[in-house]
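Results of the structural survey
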Amino acid sequence: MRRRLGLLNISLFFVVWVVLICGRLVWLQVIHHKDFVDRAARQQQRTFEVAPRRGILYDRNLHELAMTTLADSVYAVPSEIEGEAKRQEVAAALARIVHTDPTDRFTSAHQIAARLNASRNFAWIARKLTPAEIARVKTLNLKGVYFQKEFKRFYPNSQLAAQVLGYVGTDDNGLGGMERKFNRDLHGVPGRMLTALDARRHVLDSQEREPDPGQNLVLTIDENIQFMAERALDSALERTHALNGTVVVQDPYTGQILALAIRPTFNPNDFRHATTSLLKNHAVSDIYEPGSTFKLVTYSAALEQKVTTPEQMIDCQGGKMELAGRIIHDSHANGVLTVSQALAESSDVAAVKLALRMGPQTFNKYVHDFGFGSRSDIELPAETRGLLAPTKRWSGSSIGSIAMGQEVGVTPIQLVTMVSAMANGGVYLPPHILMERSGGTAGKLRPVAFHPHAELPDPLPTGAHRVISTMTAAQMRKMMEGVVLFGTAKNIARLNGYTSGGKTGTAQKIDVLTHRYSKTKYIASFVGIAPLNNPAISVAVIIDSPQGNHYGNVNAAPVFREVAQEVLEYLGVPHDTNLTPQTDLAKAQSEPEMEEAPSEPAGDLDALFAEVNNLPADDPLRGTVNGQQPVPSAANELASGPASSPDQPQAVPATPPPAPAAVASHGPPAIPMHAPAPKSEPPPLEEAAAEAPEPHVSGHGIVINAANRVGVPSFLGEPLRVAVETAGTAGLALQIVGSGIAREQVPAPGSMVPPGTEIVVRFSR
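Note that the structure is a prediction, hence the values are computed from the model and not measured.

On to the overall build of the protein chain. When its secondary structure is counted, the protein chain shows 24 helices and 27 strands. In the protein chain, buried positions account for 58% of the 765 residues. Across the protein chain, contacts joining residues at least 24 apart in sequence account for 76% of those joining residues at least 6 apart.

Right under this line is the structure:
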């Protein structure tokens, strides 16, 4: 009996033991099977992101304007560097080599040490260094310090067309210009590399999914014409000491932009040291009152409506008239002139009388048909539509003010496109700066050298429409020639061997704080075409705040002359008039016989500023006046762009993983905007200078009084909602990068900036 009881107990023990074992097996192999498989995969496999090669930006002749090269970055595996004291020593040794920029806190010894102490498996030391710096780091032969190949954006022509091309951050995302506008196309699709590791974390095998390279884009820009425009603008700013300047050269028969020059400028290879004002594209994001150049719209509309003819006499009333209680003056006492002479003399009285003959509705229709008051949809980011109130909000004097280029805000792109319509026979063609795109190499693209041809595209592109008749356009070209031969641009805008026509403009700038015209700041401008009978190019020149003589004919017309002369000779355009000896031409051009005084201010500035509130929500001018909130900018768009998990290393295509097997769970990140940050002290925002519209209405005609400044509050450690509220209370704009808690901001807390300035703040979890 006792023996059977013992056997029963033993059997019961084995049964319980079997049940427990089976239960444990079910628990491990059924219920938690996936968890353990995933854990094993994490221990035995590593997934590296394979970075795609960013697409190339070409000019129309397939000259590379922006390309991608390889550069070495330095990272460390902190677990291989034993002891905090040793890590401090390693950080100090590395910082002596990589910390070449005093303003770059990311590579300081303190920041490097903080990252080494905050992670076990991976910490960036420095990104995309020069070969000389990499060689010096290698000579240290430090344990736990490794190198990795990364793609780096390179602009071979440095500053050439910088605002057009834009710039790229360390994460290989476009932050300005074409780089930002077409970031998704240029960036490409990342690939994946799956690597198997043994118990000692050595690489056993790897499987790779190739990345898809970004598309290559061909711009309408001609590298040589761009250089000519920039060189002429450099000379102009050196001569005039102006605040900034813009030159746009366009093909009038296609709308293609051949050159878009802005000064001062920056080097996109080193954009971090550029100010926000240098990064902005004034040609599309700024507005200004055009002044007398806008009279071309008034006169062409009057001719088209047949309310006048070029030979008709018009009484300028001694250069003075009253309209709705406001006195309008000419620059000098004009009497009875022909309409052609009135344009050449830039008579305000004549322009107002012609607009009154048409009436507000008809005149406003032509203003809109020429492209003012709406976006041109040129392939550049942050374009504004300008300011133009509907006729129902015009005051009694608005028609007169707009007729002479006041109470309306325009962009240089809108202005050059307007004069191109007169050059090509009366058809508005939307401006373009993108010609072609391809997902492959340069072999799939073709150069398209610019050859002037006097034919409109058939059929007309989307957005194109006839504004004035061919006859009216021919009459306007002849009248514009009178401006150069006999009027306000006499001799100064005259070319040697080519006929030319155009219009000068001198307008007082506006202070957005006082809503009054400045007594000392002016916008000098000139817009013209050449040759006159078969125009090859249209050119707009805007000089902001020239010192001393501020007239458009003295400051802007010579730039047109220099650019047009060089471009026409470069293009091989046949001469259509006799050549003049250089000595005689230089003497005539150095002695201008007439200066155009700015029109007497007569615009309703309060109405002009009120139009800001009627702009679309995404217009860069929106919310920059009267406390309105500015629109999201580049960083917001890029936050949803191509990016990979910060826990995944990134490798260069078709290259074995350069990191040693020890880089396990925290390899190089997908570089979402900057390197991974330790929780104790985040790295600096390397891409803080991301392009975005400045918070004031205009860098040309409407600027904030520099004396009015506000202090930048600290957003560090604040959640997104609190940061937005704080920025709104301070009257500042907020450019958001990432999500979570604010880790870095530019400008720094305490900086004094104009009201509405955009503060770049990086958030992370």
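Counted according to the given criterion, the structure contains 17 salt bridges. Two residues, R263 and E230, come together in a salt bridge whose shortest N-O distance is 2.8 Å. In this pair, R263 is assigned in strand β10 (residues 257–263) and E230 in helix α9 (residues 223–240), connecting sequence segments 33 residues apart. Via salt bridges that share partners, R54, R153 and E179 belong to a single interconnected network.

We now examine the sheet that holds strand β24 (residues 733–738). Pairing in this open sheet of three strands is mixed, and the strands run β24-β27-β25 from one edge to the other. Strands with a single pairing partner mark the edges of an open sheet, and in this sheet they are β24 and β25 (741–746). Across the sheet, the mean angle separating the axes of adjacent strands is 30 degrees when strand polarity is ignored. Inspection of the sheet shows β25 paired to strand β27 (residues 758–764) by five bridges, in the antiparallel sense. Across the sheet, V746 pairs through a bridge with V760, a residue of β27. Running at roughly 160 degrees to β24, helix α24 (residues 720–730) makes contact with β24 and β27 of the sheet.

Attention now goes to the environment of V137. Among the secondary structure elements, V137 is positioned in helix α5 (residues 131–140). Of the residues examined, V137 reaches a relative accessible area of 3% and is grouped as buried. If sequence neighbours within four positions are ignored, V137 has contacts with V74, L94, I97, V98, V145 and F147.

The next subject is the side chain of K295. Residue position: K295 is located in helix α12 (residues 295–304). We classify K295 as buried; its relative accessible area is 0%. Here D348 takes part through its side chain, which lies 2.5 Å from a polar atom of the side chain of K295.

Right, let's get into the packing of aromatic side chains. Applying the stated criterion to the full structure yields nine aromatic pairs. Each ring, one from Y75 and one from Y146, has its centre 5.8 Å from the other, and the planes form 35 degrees; the classification is tilted. Pair noted here: Y75 is in strand β3 (residues 64–76) and Y146 is in strand β5 (residues 145–154), with a separation of 71 residues, a long-range link. Under the relative-accessibility criterion, Y75 is labelled buried at 0%. Seen from the ring of W124, R127 lies directly overhead, with NZ or CZ sitting 4.2 Å from the centre. Taking the ring centre of Y366 as reference, the NZ or CZ of K365 above it sits at 4.9 Å.

For the rest of this paragraph, the subject is the environment of T220. Its location among the elements puts T220 in the loop between β8 (216–219) and α9. Accessibility expressed as a relative area gives 1% for T220, which makes it buried. On a C-alpha basis, the gap between T220 and L258 in space is 5.8 Å, while along the polypeptide they are 38 residues apart. For T220, the residues in contact, after removing those within four places along its chain, are R60, Q256, I257, L258, H432, I433, L434 and M435. A distance of 2.6 Å separates a polar side-chain atom of T220 from the backbone oxygen of I257.

What follows concerns the packing of helix α3 (residues 84–98) against helix α4 (residues 109–118). With their axes 8 Å apart at the nearest point, α3 and α4 run at an angle of 140 degrees to one another. With respect to each other, α3 and α4 are oriented oblique. The chirality of how α3 crosses α4 is right-handed. Of α4, the residues touching α3 (which contributes E84, R87, Q88, A91, A92, A95 and V98) are A109, I112, A113, L116 and N117. Residues belonging to the contact of α3 with α4 are distributed by class as follows: eight nonpolar, two polar and two charged.

Let us look at the nonpolar core. Counting 125 residues, the largest nonpolar core has V247, Y299, F363 and I537 as the members making the most contacts within it. If we skip the residues at most four places from it in the chain, V247 touches A229, L233, A259, L260, A261, V539, A540, V541, V559 and V563.

What follows deals with unusual backbone geometry. Here the amide bond leading from R263 into P264 is cis, since omega sits at 0 degrees, within 30 degrees of zero. Structurally, P264 can be placed in the loop between β10 and α10 (276–279). Phi angles above zero are rare outside glycine, and S158 is one such case at about 55 degrees. Structurally, S158 is set in the loop between β5 and α6 (162–165). Of note, the phi angle at A161 is positive, near 55 degrees, even though the residue is not glycine.

Cut-off values and rules
Residues numbered from 1 in each chain as written. Predicted model: local features only at pLDDT ≥ 70, side-chain atom pairs only at ≥ 80, totals over all residues. Heavy atoms only, no water. Helix = DSSP H or I, 4+ residues; strand = E, 2+ residues; numbered from the N terminus. Buried < 20%, exposed > 50% of the residue type's maximum accessible area, 1.4 Å probe, protein only. Contact = heavy atoms within 4.5 Å. Salt bridge = Lys/Arg side-chain N within 4 Å of Asp/Glu carboxyl O. Pairing = 2+ DSSP bridges. Axes fitted to C-alpha atoms, helices over the stretch in contact; angles between N-to-C directions. Polar contact = N/O pair within 3.5 Å; in protein donor to acceptor, adjacent residues only side chain to side chain. Phe/Tyr/Trp six-rings, centres within 6.5 Å; stacked < 30°, edge-to-face > 60°. Lys NZ or Arg CZ within 6 Å of the ring centre and 35° of its normal. Parallel < 35°, antiparallel > 145°, perpendicular 65-115°, else oblique. Left-handed = near helix turned anticlockwise from the far one by under 90°. Nonpolar A, V, L, I, M, F, W, Y, C, P; charged D, E, K, R; others polar. Core = buried A, V, L, I, M, F, W, Y, C linked by side-chain atoms within 4.5 Å.

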